[in-house]
Amino acid sequence: MVKDDCRVQAERLRWTCDPDQLQFETTDDLYELEGTIGQERALRAIDFSLGMTEAGFNLYISGEAGTGRTSSIMNLLKTRAKDEPTPHDWCYVYNFKSPDNPMALALKAGMGCELEKDMQELLILVRSDIPKALESKEYEGNKSAIIQENQERNNALFSALEKEAQEKGFSLQRTVTGLVMVPQKEGRNFTQEEYDALPADEQERLDAIGTELKGKLADVIGQIRDNEKAVKEALAQLDRNLGLSAVGHYIVPLKEKYSEFGRVIEYLEMVQEDILLNLEDFKGTPQQPSIPGLKLPVQTPSFERYVVNLLVDNCGKMGAPVVFEANPTYNNLFGRIDHVMQMGGVATTNFTLIKAGSLHKANGGYLVVNARDVLLSPFSWDALKRCIRNSEIKIEDVLEQYRIITMVSLKPEPVTLQAKIIMIGSPMIYYLLYYLEPDYRKFFKVKADFDSKVARTPEVLKDYALFVSTHCRKEQLLPFDKSAVAGILECSARMVEDQEKFSTQFMEVADLIREADYWARKGESSMVTGAHVRQAIEEKIYRSNQIEERLQELFEEGTLMVDTAGSVVGQVNGLSVITLADYTFGRPSRVTARVYMGRGGMVNIEREVKLSGPIHDKGVLILTGYLGGKFAHDKPLSFSASLCFEQNYEGIEGDSASSTELYALLSALSGVPLKQGIAVTGSVNQLGMVQPIGGVNYKIEGFFAVCKAKGLTGEQGVMIPRSNLRNLMLKNEVAEAVEAGRFNIWSVETIDQGIEILTGIPAGERREDGSYPEGSVYCLVDSRLREMLENMKKFTGGTERDEKK
């Protein structure tokens, strides 16, 4: 019989892990897991991306949350980065040529902190040596000699001019307006009356002499100015020589030390030149004017321009950096320029307040970010694209473009970017970026796809046990014995509803490990056993299944009507799955079909009231194709039918109930009742093949709970598609009931098999003449359709004659 042939044996209802096949007693006997469980495709993609040094081959890791994407890539990167060269240090220093554009210097790893220390020591020594040199007797003597020599030259020039003027009757005198030549008479100046009394030729002679002497006086003054300029130059050269003697023997060794870095040599030369030009700043604090009752701030010279801002320090680090930025805001990724509030509420900044971002720290290595967080953070995605496109990190004020008034700020030189960018995100984000972001394909050319399940192999079994062992060691949990590990493996298979695969949702697996440890400790056990794992699963279900229990109460009370015994025409129990956040359960629903005369075809009541989705509507429309292929080869179909999910007050989607609806329709057409103790799930195609569905375990367990509450009779059960057999991972309670003969599971491949199990009557195969065997379900359906067609013709014919009369 079909019913017996399709019955599923108890051993096929779940995969059971035999603890004896695990080669250990407890997880303390195992070592830690190295690498990733499964994910060969993703690991090959990651290896390819990390090996490609060309631009644009950055990596996008796609997969569901909890599949080990972040931990796997971080472990791989840390292992790989150890053998890679340590990147350069980066420093920002004062740009003496353009103060608003600090210079970026790259040095070998560890030399950045040395340069910072060397400049600090240089500044200390220079501030100590220059004041001493400026106060030395030798410097004062040389300075006095230059000044005295200049004074002697100037005095000689004036003496010669005065002597010549006296010989010609003139005297060199100083007035308010300057030096003038005045004619003399008997040792005194001419008065205006005496001068006017002179003859005209005498006046002309004195004027001529005066003009000549004025010219010579102008020449002397010009020569004195030249002498003063020469004195200034001599004093400046004296100061420069002094500065070189105080600074040069410190700068030269630094130039030799950093000789391979041209930019550093250029910076040191500018530092030396700036010190020589500003020796006055090193003389000490000038005396401040004092005002009684008012304390003025002390004005001291600033030496911050000689400080080195060590932006990235790789001193003492081995290998390339691996940076995970948990909060990829613009400032955290690309750096920032801090400001300091001064007296009066004025915010100031300088190059020492430039702070590094994650890209700076990951330069020469790897940066890992979450795709969703980058996209949600303002400006971060566009700035990241610019950095990858231009291969440089530029620290900018991102809000500058939105200000009405432009503020003066620093614009540091960009830092060369040589890093691999790795984004972690969901498949949906990947596809959105791929199709909607034009630049995405240029910059992220490699995708690593993490699968949510892995095939069950001996290697995976071993790795899963190592995963449990590693978790216990890292979080200092109790050891798991092999029965507990077996329970973890069975739960993992149930997560993916596949007897041949395990889940890679390691976040959920890790939570189960922690919860089992909790219950073991609460029971004062020294290790975690399989009983503790089962308790953890049951407790988690109990915390989440309040709504399921309330629905179960409605079934028990009869508020939600589901029959588990007897037979009814046009009525069958369908199965659906309800998912509420992290909890999923099955719920039986009564499906009814009514057939009557008409030409309306099938009416899906859920569709008419817009409670069904497009996939469910497609499943209903397929039924018309199936009926047409079975029964319309020799006549047109002429009937009306309505299908309904009774007591359904919410939306319904999916085609897993299409076979259920077809069974109800065939029952309504044939008049053969369907057994109410059997619930049905499975989609159907136009050829009558039953196709696989999802959530098969929840559906079976949902109907089992209703049957258990109303009393198990041994005739009840669930009919599923045969292609879903490998998806069975039922609870022990259901498997035990099946083994004891109190519940049944049938698997079918065709509607013919299913209708025979539901009715106890063969479906019937079509003969060569197009008829079906007498007494078969299809024969009854075919006869009813013919009867409805003939009645429709009579009714239609009579109506037409009445209309003609």
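Definitions and cut-offs
Residues numbered from 1 in each chain as written. Predicted model: local features only at pLDDT ≥ 70, side-chain atom pairs only at ≥ 80, totals over all residues. Heavy atoms only, no water. Helix = DSSP H or I, 4+ residues; strand = E, 2+ residues; numbered from the N terminus. Rg over C-alpha atoms; globule rule 2.2 N^0.38 Å. Contact = heavy atoms within 4.5 Å. Salt bridge = Lys/Arg side-chain N within 4 Å of Asp/Glu carboxyl O. Buried < 20%, exposed > 50% of the residue type's maximum accessible area, 1.4 Å probe, protein only. Pairing = 2+ DSSP bridges. Axes fitted to C-alpha atoms, helices over the stretch in contact; angles between N-to-C directions. Expected span 1.5 Å × (residues − 1). Core = buried A, V, L, I, M, F, W, Y, C linked by side-chain atoms within 4.5 Å. Phe/Tyr/Trp six-rings, centres within 6.5 Å; stacked < 30°, edge-to-face > 60°. Lys NZ or Arg CZ within 6 Å of the ring centre and 35° of its normal. Parallel < 35°, antiparallel > 145°, perpendicular 65-115°, else oblique. Left-handed = near helix turned anticlockwise from the far one by under 90°. Nonpolar A, V, L, I, M, F, W, Y, C, P; charged D, E, K, R; others polar. Patch = residues over 30% accessible without salt bridge, like charges linked within 9 Å, V, L, I, M, F, W, Y side chains within 5 Å. Areas by Shrake-Rupley, 256 points an atom, 1.4 Å probe, with all protein chains shown as cover. Disulfide = S-S within 2.5 Å. Polar contact = N/O pair within 3.5 Å; in protein donor to acceptor, adjacent residues only side chain to side chain.

Q: Even after reading the chapter, I still don't get the overall build of the protein chain, so can you show me in this structure?
A: Per the secondary structure count, the protein chain includes 26 helices and 30 strands. Computed over the C-alpha atoms, the radius of gyration of the protein chain is 48 Å, more than 25% above the 28 Å expected from 2.2 N^0.38 for a compact globule of 805 residues. Expressed as lengths along the three principal axes of its C-alpha atoms, the size of the protein chain is roughly 165 × 85 × 55 Å. Across the protein chain, every contact between residues at least 6 apart in sequence was considered, and the portion connecting residues at least 24 apart equals 77%.

Q: I keep staring at the pattern of salt bridges and nothing clicks. Help me out?
A: Between side chains of opposite charge, pairing is possible as soon as their charged atoms come close. Overall, the coordinates contain 40 salt bridges when judged by the stated rule. Notably, a salt bridge pairs K108 with E260, separated by 3.3 Å at the nearest N-O pair. Separated by 152 residues along the polypeptide, K108 in the loop between strand 3 (103-107) and helix 4 (111-134) and E260 in the loop between helix 7 (200-257) and helix 8 (262-277) bring together distant segments of the chain. Owing to a relative accessible area of 49%, E260 belongs among the partly exposed residues under this scheme. With its nearest N and O atoms 4.0 Å apart, the salt bridge here joins R587 to E650. Of this pair, R587 sits in strand 22 (residues 583-596) while E650 sits in the loop between strand 24 (640-645) and helix 22 (658-670), placing them 63 residues apart in sequence. Owing to a relative accessible area of 11%, R587 belongs among the buried residues under this scheme.

Q: What exactly am I supposed to notice about the environment of Q173 here?
A: Along the chain, Q173 falls in strand 4 (residues 170-175). Take Q173: its relative accessible area is 25%, and that puts it in the partly exposed class. Separated by 11 residues in sequence, Q173 and E162 place their C-alpha atoms 9.3 Å apart.

Q: Please explain the sheet that holds strand 1 (residues 59-62) as it appears in this structure.
A: Pairing in this open sheet of 5 strands is parallel, and the strands run 8-13-16-1-17 from one edge to the other. Looking at which strands have only one partner, the edges of the open sheet turn out to be strand 8 (322-325) and strand 17 (446-449). Each adjacent strand pair in this sheet contributes to an overall mean axis angle of 20 degrees, direction not counted.

Q: When you look at helix 8 in this model, what are you seeing that I'm missing?
A: One turn of an α-helix holds 3.6 residues; hence residues three or four places apart share an orientation. With 16 residues, helix 8 extends 23 Å between its outermost C-alpha atoms, agreeing within 8% with the 22 Å of an ideal straight helix rising 1.5 Å per residue. Residues of helix 8 that are buried include every one of V264, I265, Y267, L268, M270, V271, Q272, D274, I275 and L276, and no others. Considering only its buried residues, helix 8 is in contact with strand 2 (89-93), strand 3, helix 4 and helix 7.

Q: Looking at this model, I keep getting lost on the nonpolar core. Mind explaining?
A: A general trend in soluble globular proteins is that nonpolar side chains are found buried together. Counting 45 residues, the largest nonpolar core has L627, Y663, L666, M719, I751 and Y778 as the members making the most contacts within it. Listed by contribution, the elements that provide at least two residues to this core are strand 22, helix 21 (614-631), strand 24, helix 22, strand 26 (678-680), strand 30 (744-748), helix 25 (751-759) and helix 26 (777-804). With 7 residues, the single largest contributor to this core is helix 22. If we skip the residues at most four places from it in the chain, Y778 touches Y626, K630, F631, L666, I751, D752, A763, G764 and Y772. The next biggest cluster of nonpolar side chains, apart from the first, holds 39 residues, and it includes W90, L417, I421 and I429.

Q: How should the packing of aromatic side chains be read in this particular structure?
A: Centre distance and the angle of the planes are the two values used to describe a pair of aromatic rings. Enumeration according to the criterion identifies 26 aromatic pairs in this entry. Taking NZ or CZ as reference, R441 lies 4.3 Å from the ring centre of Y434, over its face.

Q: Mind showing me how you'd approach the sheet that holds strand 29 (residues 717-721) here?
A: In a beta sheet, neighbouring strands are held together by backbone hydrogen bonds and run either parallel or antiparallel to one another. Strands sit in the order 23-24-22-21-26-29-30 across an open sheet of 7 strands; the sheet is mixed. Among the strands making up the open sheet, the edge pair consists of strand 23 (601-604) and strand 30. Here the average twist between neighbouring strands, direction ignored, is 30 degrees. Here 6 bridges tie strand 22 to strand 24, and the two strands are oriented antiparallel to one another.

Q: Help me understand the packing of helix 23 (residues 696-710) against helix 24 (residues 732-739), please; the structure alone is not making it clear to me.
A: The axes of two packed helices give the description: the angle between them and the distance between them. Two elements in contact, helix 23 and helix 24, have axes whose closest approach is 10 Å; the angle formed by their N-to-C orientations is 65 degrees. One finds that helix 23 runs roughly perpendicular with respect to helix 24. You can see that helix 23 and helix 24 cross each other, and the crossing is left-handed. For the pair helix 23 and helix 24, contact is made by I700, E701, F704 and K708 and by E733, V734 and A737, respectively. Broken down by class, the residue content of the contact of helix 23 with helix 24 amounts to 4 nonpolar, no polar and 3 charged.

Q: What exactly am I supposed to notice about a nonpolar patch on the surface here?
A: A contiguous nonpolar surface patch, about 690 Å² in accessible area, is contributed by M428, Y431, L432, Y434, Y435 and L436. Tracing the sequence through the fold places Y434 in helix 13 (residues 427-436). Using a relative accessible area of 30% as the deciding quantity, one classes Y434 as partly exposed.

Q: Honestly, unusual backbone geometry in this entry has me stumped. Any pointers?
A: With the exception of glycine, most residues fall at negative phi, and the peptide bonds are largely trans. Of note, Q476 is a non-glycine position whose phi angle comes to about 55 degrees, a positive value. Residue E497 is not a glycine yet carries a positive backbone phi of 50 degrees. Residue E497 is classed as buried on the basis of its relative accessible area, which comes to 15%.

Q: I tried to follow the environment of Q552 on my own but got confused; where do I start?
A: Examined against the element boundaries, Q552 turns out to sit in helix 19 (residues 546-557). We classify Q552 as buried; its relative accessible area is 16%. Remark: the alpha-carbon pair of Q552 and A705, spanning 153 residues in sequence, is separated by 7.8 Å. With residues up to four places along the chain from it excluded, the contact list for Q552 reads A705, V706 and A709.

Q: Just checking my understanding: could you explain the state of the cysteines for this structure?
A: Formally, a disulfide is one covalent bond, and it connects the sulfur atom of one cysteine to the sulfur atom of another. On inspection of all chains with the given rule, the structure shows 0 disulfides. We note that C17 lacks a disulfide partner, and the nearest cysteine sulfur, in C491, lies 13 Å from it. Of the residues examined, C17 reaches a relative accessible area of 3% and is grouped as buried. Classification of C491 as buried rests on a relative accessible area of 16%.

Q: Quick question: what am I supposed to make of the side chain of S49 here?
A: Mapped onto the secondary structure, S49 falls in helix 2 (residues 40-51). A distance of 3.0 Å separates the side chain of S49 from the backbone oxygen of F57, its partner in a polar contact. Apart from residues no more than four positions distant in its own chain, S49 is found in contact with F57, N58, L59, K420 and V446.

Q: Whenever I open this one, the side chain of T592 confuses me. Can you help?
A: Position of T592 among the secondary structure elements: in strand 22. Judged by relative accessible area, T592 falls into the buried class, the value being 14%. Here the side chain of T592 touches E646 through a polar contact of 2.4 Å, side chain to side chain. Setting aside chain neighbours within four positions, we find T592 in contact with G570, Q571, S642, L643, C644 and E646.

Q: Could you clarify how one ought to interpret the pairing of strand 13 (residues 366-370) in this entry?
A: Regular strands place their side chains on alternate faces of the sheet. Most of strand 13 is tucked away, with 4 of its 5 residues classed as buried. The pairing of strand 8 with strand 13 spans 4 bridges and is parallel. Bridged to V323 within strand 13 is L367. Looking at chain direction, strand 13 and strand 16 (residues 420-425) are connected through 5 bridges and run parallel. In the strand pairing of strand 16, Y366 is matched with K420.

Q: Can you help me understand helix 3 (residues 69-81) in this one?
A: The end-to-end C-alpha distance of helix 3 is 18 Å, a good match for the 18 Å that 13 residues give at a rise of 1.5 Å each. Every buried residue belonging to helix 3 is among R69, S72, I73, M74, L77 and A81, and all of these are buried.

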